[in-house]
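Here is what each chain is made of, one letter per residue.
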There are 2 protein chains.
Amino acid sequence: MKKLLDDPADAVTDSLTGFGLAHADLVRVHTEPVYVSRAGGPVAGKVGLVSGGGSGHEPLHAGFVGDGMLDAAVPGAVFTSPTPDQIVPALLGADAGAGVVAIVKNYTGDVLNFETAVELVEAEGSQVTTILVNDDVAVEDSLYTAGRRGVAGTVCVEKIAGAAAARGDGLGAVTEVAGRVVANVRTMGVALTASTVPHVGRPSFDLPDDEVEIGIGIHGEPGRRRVPFTGAAEITRSLLDPVADDLRLADGDDVLLFVNGMGGTPLSELYVVYGRARGLLEERGVTVSRSLVGNYVTSLEMQGASITVLRLDDELRTLWDAPVRTAALHW
Amino acid sequence: MKKLLDDPADAVTDSLTGFGLAHADLVRVHTEPVYVSRAGGPVAGKVGLVSGGGSGHEPLHAGFVGDGMLDAAVPGAVFTSPTPDQIVPALLGADAGAGVVAIVKNYTGDVLNFETAVELVEAEGSQVTTILVNDDVAVEDSLYTAGRRGVAGTVCVEKIAGAAAARGDGLGAVTEVAGRVVANVRTMGVALTASTVPHVGRPSFDLPDDEVEIGIGIHGEPGRRRVPFTGAAEITRSLLDPVADDLRLADGDDVLLFVNGMGGTPLSELYVVYGRARGLLEERGVTVSRSLVGNYVTSLEMQGASITVLRLDDELRTLWDAPVRTAALHW
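Under an unreviewed UniProt entry, chain A has the name Dihydroxyacetone kinase subunit DhaK and belongs to Isoptericola peretonis.

1. Here's the deal with the overall build of chain A
The secondary structure content of chain A amounts to 8 helices and 14 strands. The C-alpha radius of gyration computed for chain A amounts to 19 Å, which stays within 12% of the reference 20 Å derived for 331 residues, consistent with globular compactness. Taking all 331 residues of chain A together, 63% fall into the buried category. Counting only contacts in chain A whose residues sit at least 6 apart along the sequence, the fraction spanning at least 24 positions is 74%.

2. A word on the interface of chain A and chain B
With 53 residues of chain A at the interface, the matching set in chain B holds 53 residues. For the pair chain A and chain B, the summed buried surface comes to about 4,100 Å²; carbon and sulfur atoms form 61% of the total. For the chain A face of the interface with chain B, the top three residues by lost area are K2, L4 and Y271 of chain A, together amounting to 22%. Our count for the contact surface shared by chain A and chain B stands at 6 salt bridges. Put simply, D6 of chain A and R276 of chain B hold a salt bridge, and the shortest N to O gap is 2.7 Å. Along the contact surface separating chain A from chain B lie 24 residue pairs in polar contact (both at pLDDT 80 or more). The residue inventory of the side of chain A that touches chain B, partitioned by class, reads 27 nonpolar, 14 polar and 12 charged.

3. Here we look at the relation of the copies chain A and chain B
For the pair chain A and chain B, the superposition axis carries a translation of 0.0 Å, the fit reaches an RMSD of 0.0 Å, and the rotation angle comes to 180°. The transformation relating the two chain copies, once decomposed into turn and shift, fits a two-fold axis. Measuring from the rotation axis to each C-alpha of chain A, the shortest distance belongs to G264 of chain A, at 2.0 Å. With an isologous cut-off of 70% or more, the 100% of interface residues of chain A that recur at the interface of chain B puts this contact in the isologous class.

4. Let's talk about unusual backbone geometry
Working note: non-glycine residues mostly have negative phi, and peptide bonds are mostly trans. Cis geometry marks the peptide bond from E58 of chain B to P59 of chain B, where omega comes out at 10°. As for its position among the elements, P59 of chain B is in the loop between β3 (48–55) and β4 (66–67). L60 of chain B connects to H61 of chain B through a cis peptide bond whose omega is -15°. Positionally, H61 of chain B belongs in the loop between β3 and β4. For L300 of chain A, which is not glycine, the phi dihedral falls at a positive 55°. Structurally, the position occupied by L300 of chain A is in the loop between β12 (287–294) and β13 (304–311).

What counts as what
- Note that residues are indexed from 1 along each chain, following the sequence as it is written.
- As a convention, the first chain written is A and the first ligand written is 1, with the rest following in written order.
- pLDDT decides what is reported in this predicted model: residues at 70 or higher carry local features, side-chain atom pairs at 80 or more are listed and counted, and totals for whole chains, interfaces and linings draw on all residues regardless.
- Think of the side-chain values as coming from all heavy atoms in the structure, minus any hydrogens and water.
- Counting from the N terminus, the helices are the DSSP runs of H or I reaching at least four residues and the strands are the DSSP runs of E reaching at least two.
- For the radius of gyration, the atoms used are the C-alpha atoms, and the globule rule reads 2.2 Å times the number of residues raised to 0.38.
- Whether a residue is buried, partly exposed or exposed follows from its accessible area with a 1.4 Å probe, protein chains only, as a fraction of its type maximum: under 20%, in between, or over 50%, in that order.
- Contacts are assigned to residue pairs that have any heavy atoms within 4.5 Å of one another.
- Accessible area that two parts lose when put together, evaluated with a 1.4 Å probe and summed over both, is termed the buried area.
- Basic side-chain nitrogens of Lys or Arg form a salt bridge, by our definition, when they fall within 4 Å of a carboxyl oxygen of Asp or Glu.
- Pairs of N or O atoms are called polar contacts if they sit within 3.5 Å, as long as, within protein, a hydrogen donor faces a hydrogen acceptor (for residues adjacent in sequence, only side-chain-to-side-chain pairs).
- Amino acids outside the nonpolar list (Ala, Val, Leu, Ile, Met, Phe, Trp, Tyr, Cys, Pro) and the charged list (Asp, Glu, Lys, Arg) are all regarded as polar, and Gly is one of them.
- To superpose the copies, least squares is applied to the C-alpha atoms of every residue with a pLDDT of at least 70 in both.

Structure below.
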């Protein structure tokens, strides 16, 4: 295993240390316990937004801490849920008196540990609502999850809820709009290669040189099926169709199309998939009015991509367009 | 070979088509011949900025077309120089009456084809200056190059010259400041794995599972030496020391530190290298006042990274901080 790391046991903290130094204008990295908060601290009267989950999906979530998005992020070990003792100070620190929304990807460990942490901070008088993200249409129930998994659609939830909080919406309104994103966002992914967890030292699964795994999870969990590799057009269709069908996209719908890289796939290939997906949506009479293409919810150095579609309405579009200033999203 | 492409012969145009659709607010993609220009066209009275080179290094250069950076980019085939017939319309289209600066990475084919194109547009009455970027300290002369290669430092040249042009500097002043960046920027890279050119279909070189190539070029050209893989700390030192020595960095210098991914390395590892490099610079008494970490000048899906250091002065810092709105850099 060759990785730009030293002791695999320090992979997460070494990376966070560099991240904190590179983005000192945006974030503070805390180490005991490990979590990341906004450099400026909570904004008085603003609803706080906190997310977290296993590491290995960078820039998710710490890359989205800043103005107009998250107030704190809680990274666990690689592909491992953060613990309640990490989540508690992140939640408390994000509470500026208006309550906190916890955005949790639907993995059993994340759900349980956030639940425990939320109970603890509620006991201290904080008001917390929890939004469960479960955008992955590939499988119902899987390794680590009861129900659908939460994957790249999380970026849409964090961006839009972050914008709602930044404009001054209250806890109920931010929770409502976050829930509306969850209800309207779907994702499906493909792996071309497996990734290697640093402290394991060997690829998480075997995938032959001429096959891809359709419906892969962001930890390399099995997807729907392995199929022979046949090129971008067919792979794009096998991801986009289930997403569009699950959303019941109809002629006249307006969407955000997000093509996400799994970490090891060149940007140039993601744009090929984007072009193909856009063609398929247009065939359905769907307008793509907003776009995002890049590596935002990754699986270490896995080669592959996912396609996320978010059905937009005027408010979601306005909140998506609102200014954001984080390490990974900035406009 | 598994890549998210269809016909390898269409890899560049398929990708550019998707890129143009995703960023229609920023760019126009032209196909006969192939080049990318700003969506709004040239800004009257502003010095134009044009760059180009082989594809496979995305987001370089098309990802830097927009406000405050390039007016046009000319992508060749993968790892192949663009031809004069592509470069000519890009230069002419970028000329809004104040002249054009061509930013060229030092590869023999790029240099010759830009020279030919510049002569042609000068014959039509345009004024063009050329800035040659040669920041790679790894080797003098190599495959494809006489003299040092141009690599990730190109991003610094394009950003800072773009800001100078955007604030209204004339042709002489933009050329001067671009030259000042070239004089003060140095880079060195490492490869952990090789990449595969789509129409070739096999890796560009062989690298054993336990070795890395120090001083690699962005086309996989040989570097200084192959060494056993020993972790991020030692690799970082073997890249940073030659860069710092060549720049004669001294106690009290203020720099931009840019850790660039080669395409297939996770962001989390780039931050580890960033943290190590920053420590080494601080040992030398050097202050890191600006930072950039991410995949900006890539080599397809190659795993690896490069370290770029730019010595800053007040003007370069101001121009770096100036607003930029492109697909790949935005603040």
